[in-house]
Amino acid sequence: MYTDTHCHLGLLNGAAPDDVVDRARAARVRTIVTVGVDLASSAECVHSTGAYDGVYASVGIHPNNAIEATEHVLARVRALAQHPRVVGIGETGLDWFRDSCPPVRQEESFREHIRLAKELDKALVIHNREADQDVVRVLDDERAPPRTVFHCFSGGADLVETCAQRGWYLSFAGTVTFRNASELRKAAAVAPLHLIVAETDSPYLSPHPHRGKPNEPARVVHTVAQLAELHGLEPEEMARRTSANARRLFALPGD
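Attention here is on the structure that accompanies the text. (Residues numbered from 1 in each chain as written. Predicted model: local features only at pLDDT ≥ 70, side-chain atom pairs only at ≥ 80, totals over all residues. Heavy atoms only, no water.)

1. Topic: the overall build of the chain
Put simply, the rule is: Only DSSP runs of H or I with at least four residues qualify as helices, and only runs of E with at least two residues qualify as strands; both kinds are numbered from the N terminus onward. Atoms considered for the radius of gyration are the C-alpha atoms alone. The globule rule reads 2.2 Å times the number of residues to the power 0.38. Exposure is judged per residue with a 1.4 Å probe applied to protein chains only, and the accessible area is read against the type maximum: over 50% gives exposed, under 20% gives buried, and values in between give partly exposed. Any two residues having at least one pair of non-hydrogen atoms within 4.5 Å are treated as being in contact. Residue burial considers only the protein chains on display, and all accessible areas are found by Shrake-Rupley using a 1.4 Å probe. None of His or the chain ends enter the tally, which takes Lys and Arg as positive and Asp and Glu as negative. Note on charges: their place is set at NZ of Lys, CZ of Arg, CG of Asp or CD of Glu.
Along the chain, the regular secondary structure elements total nine helices and eight strands. Here the chain has a C-alpha radius of gyration of 17 Å; the compact-globule value for 255 residues is 18 Å, and the two agree. Along the first, second and third principal axes, the C-alpha atoms of the chain reach 45 × 40 × 35 Å. Considering the chain as a whole, with its 255 residues, one finds that 57% of them fall into the buried category. Contacts in the chain between residues at least 24 apart in sequence constitute 70% of all its contacts with a sequence separation of at least 6. Total accessible area on the chain stands at roughly 11,000 Å², and carbon and sulfur atoms take up 50% of it. When the 28 basic and 34 acidic side-chain charges of the chain are each reduced to a single mean position, those positions are 3 Å apart.

2. Digging into the packing of aromatic side chains
Two aromatic rings, taken as a pair, are described by how far apart their centres are and by the angle between their planes. Put simply, the rule reads: Side-chain rings of Phe, Tyr and Trp (the six-membered ring for Trp) are treated as a pair once their centres are within 6.5 Å; stacked means planes under 30 degrees apart, edge-to-face means over 60, and tilted covers the remaining angles.
One pass over the structure, following the stated rule, counts two aromatic pairs. Between the aromatic rings of Phe150 and Trp168, the centroid separation amounts to 5.8 Å while the plane-to-plane angle is 25°, which identifies the pairing as stacked. On the criterion of sequence distance, the pair formed by Phe150 in strand β6 (residues 148–150) and Trp168 in the loop between α6 (157–166) and β7 (169–172) is long-range, its members being 18 residues apart. Residue Phe150 is classed as buried on the basis of its relative accessible area of 1%.

3. Observations concerning the packing of helix α4 (residues 103–120) against helix α5 (residues 132–142)
Under the convention used in this document: Axes, fitted as lines to C-alpha atoms, cover a helix only where it is in contact. Angles between the N-to-C directions of the axes lie from 0 to 180 degrees. For classification purposes, an angle smaller than 35 degrees is called roughly parallel, one larger than 145 roughly antiparallel, one from 65 to 115 roughly perpendicular, and anything else oblique. The hand of a helix crossing depends on one turn: near helix anticlockwise from the far one by less than a right angle means left-handed, and clockwise means right-handed. Ten residues, namely Ala, Val, Leu, Ile, Met, Phe, Trp, Tyr, Cys and Pro, are considered nonpolar, four, namely Asp, Glu, Lys and Arg, are considered charged, and the remaining ones, Gly among them, are considered polar.
It is at 10 Å that the axes of α4 and α5 come closest, and there the two elements cross at 45°. The angle between the axes of α4 and α5 places the two elements in the oblique class. Pair α4 / α5 crosses with right-handed handedness. Contacts between α4 and α5 involve Glu107, Phe110, Arg111, Ile114, Arg115 and Lys118 on the former and, on the latter, Val135, Arg137, Val138, Leu139, Asp141 and Glu142. Each residue belonging to the contact of α4 with α5 can be placed in one class, and the counts come to five nonpolar, no polar and seven charged.

Set out below in structure tokens:
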């Protein structure tokens, strides 16, 4: 069985969530974590957990939306996070690729999310785009929770080593299958097996051979197959390992 540790069910425009979840089940994707990027989508994620078996939620304010992370909004995120099927806080972090939100506001929001994850003992779900050093700096400064994951990992071998030293998880998306992603594949190949999880980030980043089309949780199987090849494992074994890692990361129920 497979696990998609990061998707956005509420952003799958034109695709009925019922059909998306059914296709995921047909592809043997048993567990899905749907992730909020603002207050409204976080609330929708929590609602989805009651509509579908095997669907869990992560709630938070994306760094590109961090201007919205006021005290009032973060209090409402904290209230949502009390739901028993909310297993993560985020996605949060830093994005130096886009300039839609001032860096100081991104870092303030990031720190508040870290503290909330520690307070509630939830996994911390990180968005990191071209901000490796600053993300690590803030995580170290705030003493990141042990259950921390770099969503859609995009770093190199140096960041893999940093994560491995601290026990942070690395979540690989469809980008690892892209023909022009040789450096990312090198990083994935040296990532510790006990810290690797897989995701789709759907509706974004559809893996080869579906690149350019809207992504969905069923396609996590292609990412797992690529990770298996990089580590010399059968896809079924990599599926088992990444799902077991996901259960530890998000404190999900076992088999």
